[in-house]
Amino acid sequence: MHLDLSELSQLAPIFRELFKGYHVSRRDPELYAQLSNFQDQYRTLFKALGFELVCDTRGFYYFVPDLAAAAVNKTAQRLALFTFILVEHLADQGRDPIAVLDGGSLGRDELPSLLEKYRDLFLQAEVQTQEELEEKIMRRMTQLGFASEENGVYRFLPPMHRFLDVCLSVQQDRDLAASLHSVLPLPVPVLIDEDSDEKLLQTDDPLDLSPFDAESEEDALARAIAEEQETDA
């Protein structure tokens with residue numbers, strides 16, 4: 001495919017956001033429209049560098065690394081663990097977790113009771129105070145496009161489905177085990193060292209949110225364009 005780079009007017013900001021692990025959704029109208037209108041061209045360009053651009057039909061784009069080389073990072077582990085905690089917490093309150101995490105909201109004033117209730121699990125994520133919860137988890141969720149924050153209210157965005165899918169998969173496994181009269185407990189994500197070879201939750205998608213730190217975004221983008229131009233030549 002011949003690429004007309006003049007058509008890819010948002011190439012630099014799109015690559016910058018995807019490169020750092022951000023999820024582009026309809027909340028980013030210019031970037032989302034550009035990706036939607038020139039999806040094939042962007043896929044081809046990014047593929048030249050080994051990046052897989054994924055378009056989730058629920059309305060968001062993100063990069064996935066080569067699964068064989070993907071390493072679990074601590075941010076992904078923390079966000080997955082938080083999602084499991086939140087699903088259980090909402091269910092205990094009689095609230096529909098899917099409704100909340102699929103476009104619903106969570107107030108900042110709910111964080112202290114959440115932290116107290118699941119303190120042992122949060123310790124796995126090296127989170128002991130509300131400040132650490134907001135810094136290490138909530139702020140990262142907003143930075144990566146999983147949620148937005150305004151006036152102390154966190155609203156969850158479509159990319160949260162990546163974590164919800166994992167939660168639902170584990171829930172289905174638990175339901176199956178229950179139907180077989182098993183006493184297997186519901187597994188939750190366990191934080192491991194970043195150098196470990198273990199994979200988060202043993203799923204096909206390790207949710208490695210920022211796997212491209214070895215190369216700067218400027219160098220990576222320049223190399224991708226150069227390689228594509230050499231191919232066209």
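The structure under discussion appears in the preceding block.
Owing to the predicted nature of the structure, the values given are computational and were not obtained by experimental measurement.

Within a beta sheet, neighbouring strands are joined by backbone hydrogen bonds and run either parallel or antiparallel to one another. An order of β4-β6-β5 is seen for the three strands of this open sheet, with the pairing classed as antiparallel. Edge strands, defined here as strands with exactly one partner in the open sheet, are β4 (105–107) and β5 (147–150). The sheet shows a mean angle of 20° between the axes of neighbouring strands, taken without regard to direction.

The next subject is the pattern of salt bridges. Summed over the entire model, instances satisfying the criterion amount to ten salt bridges. In this structure, the salt-bridge partner of Glu17 is Lys20, at a minimum N-O distance of 3.3 Å. The class for Glu17 is buried, based on a relative accessible area of 15%. Judged by its relative accessible area of 41%, Lys20 is partly exposed. In this structure, Glu110 and Arg95 form a salt bridge, with 2.9 Å as the shortest nitrogen-oxygen distance. Of this pair, Glu110 sits in the loop between β4 and α6 (111–117) while Arg95 sits in the loop between α4 (74–92) and α5 (97–101), and the two are 15 residues apart along the sequence. Among the residues examined, Glu110 registers a relative accessible area of 19% and is labelled buried. Take Arg95: its relative accessible area is 28%, and that puts it in the partly exposed class.

With that settled, consider the nonpolar core. Core analysis: the largest hydrophobic core is formed by 29 residues, its most contacted members being Phe82, Leu86, Phe122, Leu133, Ile137, Met141 and Phe156. Ranked by size, the runner-up nonpolar core spans 19 residues in total, among them Ile14, Phe19, Tyr22 and Phe63.

Cut-off values and rules
- Here the residue index of a chain counts from 1 through its sequence in written order.
- Owing to the predicted nature of the model, reporting of local features is limited to residues with pLDDT of at least 70; listing and counting of side-chain atom pairs is limited to 80 or more, with chain, interface and lining totals taken over all residues.
- The side-chain numbers reported here are obtained from all heavy atoms of the structure, hydrogens and water having been left aside.
- Whether two strands pair comes down to DSSP finding at least two bridges between them.
- The helix and strand labels rest on DSSP assignments: H or I over at least four residues marks a helix, E over at least two residues marks a strand, and numbering proceeds from the N terminus.
- The convention used is that axes are lines fitted to C-alpha atoms, helices contributing only their stretch in contact, and that angles between N-to-C directions extend from 0 to 180 degrees.
- Put simply, a salt bridge is a Lys or Arg side-chain nitrogen that is within 4 Å of an Asp or Glu carboxyl oxygen.
- The buried label applies to any residue whose accessible area, calculated with a 1.4 Å probe on protein chains only, is under 20% of its type's maximum; exposed applies above 50%, and partly exposed to all values in between.
- To define a nonpolar core, start from buried Ala, Val, Leu, Ile, Met, Phe, Trp, Tyr and Cys residues and group those joined through side-chain atoms within 4.5 Å.

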